[in-house]
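# Results of the structural survey
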Amino acid sequence: MAEVNITVDGKKVTAPAGTLLIEACKGAGIEVPSFCYYPNLSLQGACRMCLVKIEKMPKLQTACTTVISEGMSVTTDTEEVHQARKSMVEMLLGNHPLDCPVCDAGGECELQDMTFSYGAAESKYIDAKNHKEEQQWSPVVYFDRPRCILCYRCVRVCGEGMDVWALGVQNRGVSSIIAPNQDDHLECEECGMCIDICPVGALTSGAYRYKTRPWEMKHVGTTCTHCADGCKTTLGVRRCDTGMEIVRGDNRDKSGINGDFLCIKGRYAFDFAHHEERLTQPLIRKDGRLTPATWEEAFELIGKRFAEVRGKHGGQAIGVVGSTRTTNEDNYLLQKFARVVLGTNNIDHHRTADFPALAAALSGKPEMTASMRDVFHAPAMLLIGNNPTEQHPLLAWQMRNNVRLHRARLYVVNSQPIKLRRQAASFSQIPAGGEGKLAAFLAGDDSAVDALLNEKTTRDSCIALREKLRGEANLVIIFGSEIRGNNITSVVKFASAIPGAKVLCLADYANSRGAADMGLYPDLLPGYHRVTDAGKFHEEWGGVPEARGLTFPEMVESAKAGALRACYLVGANPIGRFGIDPYAFSHSFVVVQDMFLTETAVMADVVLPAANAYEKSGTFTNTCGDLQLVKKAGEVTGTKSDFEMIVRIADAMGFDLRKLVPFGRGAHFDMGQSRGAQSGEADRHAVWLQAQGLEPQMSPFDPMAILDEIQRLVPGYDVSRMNLLAGNEQHTTLAGSGTGALQNPELIVPAQDDLFSSGTLGRYSRTLNSVIENHHKESAETDVAAD
Amino acid sequence: MKFSDQFEQRFTEMLTHYPTKRSVLVPTLLFAQDEIGFLSDEVIHELAGRLDLTDLEVRNVISYYSMLTTKPRGKFNVQVCTNIACMLRGADELFEHCEKKLGIGHKGTTPDGLFSLEEVECIGACSWAPAAQVNYDFHENLTPDKMDRVLDEYKKKGTQ
Ligand code: SF4
Ligand code: SF4
Ligand code: SF4
Ligand code: FES
Ligand code: FES
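Source: prediction; values computed, not measured.

### Comments concerning the overall build of chain A
- Regarding its fold elements, chain A presents 26 helices and 31 strands.
- Here chain A has a C-alpha radius of gyration of 28 Å; the compact-globule value for 787 residues is 28 Å, and the two agree.
- Its C-alpha atoms give chain A principal-axis dimensions of roughly 90 × 70 × 65 Å.
- The burial tally for chain A puts 59% of its 787 residues in the buried class.
- Within chain A, counting contacts between residues at least 6 apart in sequence, those at least 24 apart form 70% of the total.
- As displayed, chain A has an accessible area near 31500 Å², and 51% of this comes from carbon and sulfur atoms.
- Within chain A, the 96 negative side-chain charges are centred at a point lying 2 Å from the centre of the 81 positive side-chain charges.

Listed below in structure tokens is the structure:
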């Protein structure tokens, strides 16, 4: 794009043609204040805060609606401009309640900041303020009308960004008010975007309002633990009786793949962490009852029993189930523990997508997996199956906004009229279960088209769609778990014929992809290497059992038959999630690590209280393969990380921990004491070592030690440690993976979560439950009304 | 929801006048209001559906225009201008007179449903101030006496 030269405050500024003056100024480090302007939303020109002087123009101009033109000469810092802005603030304050001392936004309020900068604290107005009580619009959204400065950001983000259109403006001029779609309440997706985008404290959240002040919290940037999209979220934590309580979630700094987006789960559903049913003591079954015990007692018992079973019956008598919400380090360690310490390949997890088939289809191909960022920038997208609005809110946001802001073409094929069809250039409704046939048809099997036809979809429209797609370049093909096994091969085959095309396979949980990549499979090692072809893992670990292990359903059968004598479940609740006979494991010695007494935990012999992903460090891999850092934010006394517990159990079994976790190798470093780093000063040497992945891992409980090993041994994970630590996502590729292996498609059980549910976690989130209740109440009411 | 054939005809015709569907909203609202008397929830829902808008968006537009109303009004809507030219020539007295005569205040409706009263901004008849508008008809150079005659006339029309 052509460059345009302008002068701002005597400074030469160059920006691409079409740039808004306010952005050009920002780019040059000159701040122009604004309330109504918000990047990527339609222009409003409502607040007049951004007034600047442009030479040859008679009056002051709004920088947020002015497009730069060659030779434009702008001044942003004259007395006139200053005065104009000051009077804008003064007018806004005319009816503003000035309850800053109790307002949630206090300390982070743009109106406060402006008043501070322009000093319009004195008012010429003496009229009484127009008061209105605070209103609750939903379990999540509260509105304090007098605080509203009518910038309309909330209205635009809800409509344009979320495609929900739940907020509107009623009346006009000074009597304008923001109104919810249902008269006195909201019926919406409860994302909280409107709340976080509000420059003042007019919209506040049920989760955070009147709880604390921004400066009383510590802010930790980590990754959301709910769906598989991997939003970055900044958690505000505060010390409390039981450790560190998470009081807020947002991503206002717009870092990460999600910018300022978060759905209700990432923004508010952290409250499961402080649910009163949280386990904080190990429990051991004594005389038939789970009884509180000490950690030492618990580890000793587990160590003894696991060693016994392994000694007497061999590794095949032990089963291990991992989690899709524990970190990569936890998962890697768990499967290594199973294979090396327990001597078994009996390891599995709740599978929600067929990654082994994807790895197999991509093996030997150049890099062609799409990242979450690609979805925002691709010129064209094809979505097969799934309903991202409900199951992948960030992905849906990326797709929607790619269409809106970049005019990308979206092709949707689904058995339901899903909401994203509203952004679609073409929407094809096919019979339920036809997704696999579509993949085959795309890959060239014309006979598959018969399974796609119904009154809405014809043979010709299918052919036309395929032709259109073939004509696209850099197409991103996104598919849900409806596409498995050979159908994935078909999709990849189709994609390979399109220049620059990429694929994206959708799984359901925060670290579903990580669990798969880290080898929580009975037949696959980390990086989709077959157990029969263990290669470097053999060397590194000193032997890997070669026989393929049992899948989870096979473990259940084996337990029922009395052959599976011990079972170790880490963060998994298969009895609750799959509806398995709870007595299936009654003859086995069962150890469960979890946050709550789940349906699975109640039948265990030992239950260990686990920390969740907001309470530990490590990494997550989202469904696209974007690797991100997980940082410890909250803390609940009496829990331990899964990582530490696995290590402790290995220790209790008498295993040499150095063979499990590569820590303390050659640890003769100068730890910084003599390098003159003063308190509060960054130890640059340590920072450098850390960034290079060279810092000494001093303890067997340090997940970073396992990350070292993952980066060394798992193909695709050798990404920049420095970028990772800086909080940036790093796309891992499947290109160099092992060969994968065909899995039984029935082993994939979709989570069936929607916008307001989140598996076992969701059941312990008060926010999610109150929203679900509220929505039920509403639909019950409308049902009655409809009768 | 059923509108008259004339409404439907106008609506269909109007759709061809604008590049986007939603643009016909304002005139359509006026037609609907003329026909039904006010913009009921049912009307709002129907029009929103036809124009691919949410009910809320339709309400936003209605609330912006003071000529549009979501509440039933009298058969004759008496709008007395009290803006500057009319004010200088006695509009306030005129308005008060109407209030007394009809026994209702600003935005009120008589119990028989015949009259509503409203104080409005300039209706563009300043040269003949003070002026009032009853539905779509203008009455100019008004005095309380003249206003009485005007109102009586309507009353007669309405009770015939
Ligand atoms: S919470 Fe989200 S969906 Fe609901 S009104 Fe706010 S922006 Fe719209
Ligand atoms: S509620 Fe907040 S975001 Fe919405 S218009 Fe008012 S000040 Fe702006
Ligand atoms: S979209 Fe997914 S990752 Fe993002 S906040 Fe929501 S649940 Fe978390
Ligand atoms: S920021 Fe320009 S008018 Fe509001
Ligand atoms: S001021 Fe009354 S008509 Fe203009």
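### With respect to the site of ligand 2
- Around ligand 2, a shell composed of 13 residues is seen, among which Cys148(A), Cys151(A), Tyr152(A), Cys154(A) and Cys198(A) lie nearest.
- Considering only residue class, the shell around ligand 2 consists of 13 nonpolar, no polar and no charged.

### Looking at the sheet that holds strand E7 (residues 141-143) of chain A
All names here are of chain A.
- With respect to topology, three strands assemble into an open sheet ordered E6-E7-E10, the strand pairing being antiparallel. Taken across any chain shown, the strands that pair with only one partner, and hence form the sheet edges, are strand E6 (135-136) and strand E10 (203-205).
- Pairing analysis gives two bridges linking E6 to E7, with the strands arranged antiparallel. Looking at the pairing, Gln-135 lines up with Phe-143 of E7.

### Concerning the site of ligand 1
- Taken together, the residues surrounding ligand 1 are Val141(A), Cys158(A), Val164(A), Leu167(A), Leu186(A), Cys188(A), Glu189(A), Glu190(A), Cys191(A), Gly192(A) and Cys194(A).
- Looking at the shell around ligand 1, its residues break down into eight nonpolar, one polar and two charged.

### Focus: the nonpolar core
All names here are of chain A.
- One finds Leu-167, Ile-178, Leu-203, Met-399 and Ile-478 to be the most contacted residues of the largest nonpolar core, which totals 99 residues.
- Looking at this core element by element, the count peaks at six residues for helix H12 (residues 393-406).
- Excluding residues that lie within four positions of it along the chain, Leu-203 makes contacts with Trp-137, Val-141, Tyr-142, Phe-143, Cys-154, Cys-194, Ile-195 and Cys-198.

### Some points on a nonpolar patch on the surface
- Taken together, the side chains of Val26(B), Tyr64(B) and Tyr65(B) define a hydrophobic patch exposed on the protein surface, amounting to about 260 Å² of accessible area.
- Position of Val26(B) among the secondary structure elements: in helix H2 (residues 25-36).

### Details of the packing of helix H2 (residues 79-94) of chain A against helix H3 (residues 110-118) of chain A
All names here are of chain A.
- Where H2 meets H3, the closest approach of the two axes is 10 Å, and the angle between their N-to-C directions is 135 degrees. Taken together, H2 and H3 sit at an angle that is classed as oblique. Considering how the two elements wind past one another, H2 and H3 form a crossing that is left-handed. The residues of H3 that touch H2, namely those facing His-82, Arg-85, Lys-86, Val-89, Leu-92 and Leu-93, are Leu-111, Met-114, Thr-115, Ser-117 and Tyr-118.

Each value, and the rule that gives it
Residues numbered from 1 in each chain as written. Chains lettered and ligands numbered in written order. Predicted model: local features only at pLDDT ≥ 70, side-chain atom pairs only at ≥ 80, totals over all residues. Heavy atoms only, no water. Helix = DSSP H or I, 4+ residues; strand = E, 2+ residues; numbered from the N terminus. Rg over C-alpha atoms; globule rule 2.2 N^0.38 Å. Buried < 20%, exposed > 50% of the residue type's maximum accessible area, 1.4 Å probe, protein only. Contact = heavy atoms within 4.5 Å. Areas by Shrake-Rupley, 256 points an atom, 1.4 Å probe, with all protein chains shown as cover. Lys, Arg positive; Asp, Glu negative; His and termini not counted. Charge placed at Lys NZ, Arg CZ, Asp CG, Glu CD. Near = heavy atom within 4 Å. Nonpolar A, V, L, I, M, F, W, Y, C, P; charged D, E, K, R; others polar. Pairing = 2+ DSSP bridges. Core = buried A, V, L, I, M, F, W, Y, C linked by side-chain atoms within 4.5 Å. Patch = residues over 30% accessible without salt bridge, like charges linked within 9 Å, V, L, I, M, F, W, Y side chains within 5 Å. Salt bridge = Lys/Arg side-chain N within 4 Å of Asp/Glu carboxyl O. Axes fitted to C-alpha atoms, helices over the stretch in contact; angles between N-to-C directions. Parallel < 35°, antiparallel > 145°, perpendicular 65-115°, else oblique. Left-handed = near helix turned anticlockwise from the far one by under 90°.

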